[in-house]
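# Chains, contacts and geometry: an overview
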Amino acid sequence: TKQRITVIRGDGIGPDIIDSALQILDKVGCDFEYDFADAGLVALENHGELLPEETLDLIAKNKVTLKGPLTTPVGEGFTSINVSLRKKFQLYANLRPVLSFKGTKARYENIDIVTVRENTEGMYSGLGQVVSEDGNEAEAKSLITRAGAERILTYAYEMAIRDGRKKVTAVHKANILKSTSGLFLKVAREVAQRYPQIESSEMIVDNCCMQLVMNPHQFDVIVTTNLFGDILSDLCAGLVGGLGMAPGANIGQDCAIFEAVHGSAPDIAGKNLANPTSVILASIQMLEYLNMGDQAEKIRYALKQVIESGDRTTRDLGGEHGTSDFTQAMLERL
Ligand code: NAI
Ligand code: MG
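Just so it is clear, the structure is predicted and the values come from calculations on it, not from any experiment.

Cut-offs applied
- Residues numbered from 1 in each chain as written.
- Chains lettered and ligands numbered in written order.
- Predicted model: local features only at pLDDT ≥ 70, side-chain atom pairs only at ≥ 80, totals over all residues.
- Helix = DSSP H or I, 4+ residues; strand = E, 2+ residues; numbered from the N terminus.
- Rg over C-alpha atoms; globule rule 2.2 N^0.38 Å.
- Buried ≥ 20, exposed ≤ 12 C-beta atoms within 10 Å, placed from the backbone.
- Contact = placed C-beta atoms within 7 Å.
- Pairing = 2+ DSSP bridges.
- Domains from an automatic or database assignment.
- Nonpolar A, V, L, I, M, F, W, Y, C, P; charged D, E, K, R; others polar.
- Near = placed C-beta within 6 Å.

## Notes on the overall build of the protein
- Across its full length, the protein holds eleven helices and twelve strands.
- For 334 residues, the compact-globule estimate of 2.2 N^0.38 gives 20 Å, and the protein sits close to it at 20 Å.
- In terms of principal-axis extent, the alpha carbons of the protein reach across some 55 × 50 × 40 Å.
- Per-residue burial over the protein gives 47% buried out of 334 residues.
- Across the protein, the fraction of contacts at a sequence separation of at least 24, relative to all contacts at a separation of at least 6, is 72%.

## Some remarks on the pairing of strand E5 (residues 112-118)
- Of all the seven residues making up E5, six are buried; the element is thus mostly covered by neighbouring parts of the structure.
- Two elements, strand E4 (residues 93-99) and E5, share seven bridges in a ladder whose sense is antiparallel. Within the sheet, the bridge partner assigned to Val-98 lies in E5 and is Ile-113.
- Across four bridges, E5 lies against strand E10 (residues 221-224) in parallel orientation. Counted as the bridge partner of Val-114 is Val-221 from E10.

## Quick notes on the domain arrangement of the protein
- Assigned domains within the protein: domain 1 (1-94 + 245-334) and domain 2 (112-239).
- Between domain 1 and domain 2, the C-alpha centre-to-centre distance is 25 Å.
- Across the contact, 13 residues belong to domain 1 and 14 residues belong to domain 2.
- Of all elements in the fold, only helix H4 (81-88) and E4 reach the threshold of two or more residues within the side of domain 1 that touches domain 2.
- Taken together, the residues of the side of domain 1 that touches domain 2 sort by class into seven nonpolar, four polar and two charged.

## Quick notes on the site of ligand 1
- Around ligand 1 sit 21 residues in total, of which Pro-69, Gly-244, His-262, Gly-263 and Asn-275 are the nearest.
- Considering only residue class, the shell around ligand 1 consists of nine nonpolar, nine polar and three charged.

## Some thoughts on unusual backbone geometry
- Even without a glycine there, the phi angle at Gln-90 is positive, about 50°.
- Looking at where Gln-90 falls in the secondary structure, it is placed in the loop between H4 and E4.
- The phi angle at Asn-291 is positive, at roughly 60°, despite the residue not being glycine.
- Along the chain, Asn-291 falls in the loop between helix H9 (277-289) and helix H10 (293-309).
- What makes Asn-291 exposed here is the crowd of 8 C-beta atoms within 10 Å.

Here it is, written out as structure tokens:
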């Protein structure tokens, strides 16, 4: 039977870049059946809610979802759909690899870093959000559990071994956030002991930002809590040419959601300007998850050729073309 994939096309640039990825997946003979589902603003219009039951059912049923970015309206009353999905399906590991391609406007070459972000706890736990009646005081609860920390740290080390990586850096702020980051660091040191074959290091998050900009080649795998992982992974994307180059896999026990790290990019939406690389790389992560390494390798090779030759690349990469030309260049090479 054919592998069924749930597809959420998303808002803003979402539909354009998702369609690009689907054409590429079909071209390499993946032979998937797609179940399209609504979430976000589109779902609010069509079903009267941001995250309809139908969509949740499809995510659970097919177990593998490819998702475009969703706009989360800023302000009170809206829980982020992404945060909801990650919590609901316990997608505890968020893998955000960045890899250099030659011939882009990126500041560095030979960057190859994976951020492993804890995806369900920390400052994004959504717990204890209170605003005082007069609106002058706001608070929220950051939750770190030993089980949650151990789960993500173990994931990072196991991934490092599986992918032939050498070093894991645990990033924290235990000097100030003594209870929460303190617990994360304590567990990080314990887990590190179990993996003598991997070099373990630890770094305070503000220093880590500086080190990433000054000397990024010292990093291999970064493992960290939710908020730090969100911020550091965008920083890492900046090292390799921007958010258009950054995919993310949200992995849980039973299901996985593959997406771009970036948002719906309202500034370039509807203009055929978006770089689809982020979602193409997310599709490669999805194929690897499904043990379809041959197809993943074909797409990766074509992507490298298109980007490094500058054949019809998008403006963020230094080219002059749009999403559709870029996709066409990929399809021709495949
Ligand atoms: P953004 O990531 O949408 O855009 C930031 C900058 O990067 C913009 O200048 C944009 O043009 C550029 N950019 C992003 N993706 C690009 C691509 N593929 N090609 C070329 N340039 C690209 O961040 P922003 O503007 O802060 O957020 C917009 C909306 O997206 C918000 O509603 C936010 O909540 C949502 N968001 C959703 C995410 C998701 O669904 N996973 C993740 C992050 C933000
Ligand atoms: Mg983010």
